[in-house]
Amino acid sequence: MDNLCHTLVGAALAETGLKRRTPLATAALVIGANLPDVDVLSYAWGPDVALGFRRGWTHGVLALAVWPFFLTGLLLAWDRLVRRRRHPDAKPADPKALLLLSAIALLTHPFLDWLNTYGLRWLMPFRDVWYYGDVLFIVDPWLWLALGIGWLWSLHRSRRGSPGAERPARIALTLVTAYIIVLWGSKLAATDVARRALASQGIATGRLMAGPIAINPFRRQIVAEARDGYALGSVDWLRHPPFISANPSFVEKNEKPRIVRQVTATRPGRIFLHWARFPFYRVEEEPDGRTRVSIVDARYALRPGRGIGSLVVEVAQGGGR
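This structure is a prediction, so every number in the text was calculated from the model and none was measured.

J.: What's the story with the environment of Thr191 in this structure? I'm lost.
T.: Examined against the element boundaries, Thr191 turns out to sit in helix H7 (residues 167-200). Sequence separation between Thr191 and Gly161 is 30 residues, and the spatial gap between their C-alpha atoms is 48 Å. In this structure, Thr191 is in contact with Leu208 and Ala210, ignoring residues within four places of it in sequence.

J.: Looking at this model, I keep getting lost on the packing of helix H1 (residues 3-15) against helix H2 (residues 25-34). Mind explaining?
T.: The relative placement of two packed helices comes down to the angle between their axes together with the axis-to-axis distance. Contact geometry of H1 with H2 gives a least axis separation of 8 Å together with a crossing angle of 155 degrees. As summarised for this structure, H1 and H2 are arranged roughly antiparallel, according to the angle between their axes. Seen along the crossing, H1 lies across H2 with a hand that is right-handed. Taking contact as the criterion, the partners of Asn3, His6, Thr7, Gly10, Ala11, Leu13 and Ala14 in H1 are, on H2, Thr26, Leu29, Val30, Ala33 and Asn34.

J.: In this structure, what is going on with the sheet that holds strand E7 (residues 310-315)? I would like to understand it.
T.: Backbone hydrogen bonds hold the strands of a sheet together, and the pairing may be parallel or antiparallel. An order of E5-E6-E7 is seen for the 3 strands of this open sheet, with the pairing classed as antiparallel. Two strands lie at the open edges of the sheet, namely strand E5 (279-285) and E7, each paired on one side alone. Averaged over all pairs of adjacent strands, the angle between their axes in this sheet comes to 20 degrees, without regard to strand direction. For E5 and strand E6 (residues 291-297), the ladder comprises 7 bridges, and the chain directions are antiparallel. Counted as the bridge partner of Val283 is Val293 from E6. The strands touched by helix H8 (residues 257-264) are E5, E6 and E7; relative to E5, the strand with the most contacts, the crossing angle is about 90 degrees.

J.: Looking at this structure, I do not really get the nonpolar core. What am I missing?
T.: Taken as a class, soluble globular proteins show a tendency for nonpolar side chains to be buried jointly. Ranked by size, the top nonpolar core spans 35 residues in total, and within it Leu29, Leu112, Leu115, Leu136, Leu143, Leu147 and Ile180 carry the most contacts. Setting aside residues up to four positions removed in sequence, Leu136 forms contacts with Met1, Leu112, Leu115, Asn116, Thr117, Leu143, Tyr179, Ile180, Leu183 and Pro212. Counting 16 residues, the second largest nonpolar core, distinct from the first, contains Ile259, Tyr281, Val293 and Leu311.

J.: Explanation requested: the sheet that holds strand E3 (residues 229-236) in the structure shown.
T.: Here we have 4 strands laid out as an open sheet, ordered E1-E2-E3-E4, and antiparallel in their pairing. Two strands close off the open sheet at either side, each with one partner strand: strand E1 (208-212) and strand E4 (243-252). Within the sheet, the average angular offset between the axes of one strand and its neighbour, ignoring direction, is 20 degrees. Here strand E2 (residues 219-226) runs beside E3; their pairing, made up of 8 bridges, is antiparallel. In the sheet register, Ala226 faces E3, and the bridge partner there is Gly229. Strands E1, E2, E3 and E4 of the sheet are contacted by H7, whose axis makes an angle of about 45 degrees with E2.

Thresholds applied
- Residues numbered from 1 in each chain as written.
- Predicted model: local features only at pLDDT ≥ 70, side-chain atom pairs only at ≥ 80, totals over all residues.
- Heavy atoms only, no water.
- Helix = DSSP H or I, 4+ residues; strand = E, 2+ residues; numbered from the N terminus.
- Contact = heavy atoms within 4.5 Å.
- Axes fitted to C-alpha atoms, helices over the stretch in contact; angles between N-to-C directions.
- Parallel < 35°, antiparallel > 145°, perpendicular 65-115°, else oblique.
- Left-handed = near helix turned anticlockwise from the far one by under 90°.
- Pairing = 2+ DSSP bridges.
- Core = buried A, V, L, I, M, F, W, Y, C linked by side-chain atoms within 4.5 Å.
- Buried < 20%, exposed > 50% of the residue type's maximum accessible area, 1.4 Å probe, protein only.

Structure representation (structure tokens):
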């Protein structure tokens, strides 16, 4: 998920009453909810490096075991060297409470990231395998709205000393949890509807994604592995029948062995193909004898050069044969 969502989750958790557990509790929850995304620094070494590193080491099980101790140590150092030097009479932070709150916040981050179609490598560094929840779109304004209102309302009531100040934040987090559960059910139902609809057209499917669509929680994107390509469509719960074939409704993989070998021989191609979930290829022979191969991931793009779902590499002459 985007970092505004992660930040709002941490802030809302703080306003449920957890911020009273210890000084720096809010900092532990907000920073912890974002900390695994420190891997964004990998973009300094280029997009290829970032694609190979993101949502791996810093989001995996080993990092989740280490991060709470790292964050707690960082906050305790700040507490001792900065906060209590400025305010000598201030109550010191409780290490155990900070560790617990840091662990809670850190766990929310990979869980939310896993819920979208980009995926997450839970088992890094032990196994470099992507897992996908396909429940939430990576940027969900409905989550912003619910969490933002709950957080701000509780914060306002807390500053006024109103009784039950934590209630709006708790309601917001409950509503968000219910929203995720409903969309999870929508994904499972959409998967079944799409498989049956495609089977009725004589299309046997393998891997199938019933992914979320931006803003509209009633519709899901369908990409299904079928024959030598991908069947495309959507499920819209506000229409009857709910399954809609896309135009074009089928994309050929064009997965010729020589193309794949030459693409994986390049570092960018190897990294992209490890990340790509539904890759297909488009080959162009240039007048100067070069061969350009576009790799496109059908979950994000259908034409070369469109956003994060596409990569172009040059291979040896005749790469398409």
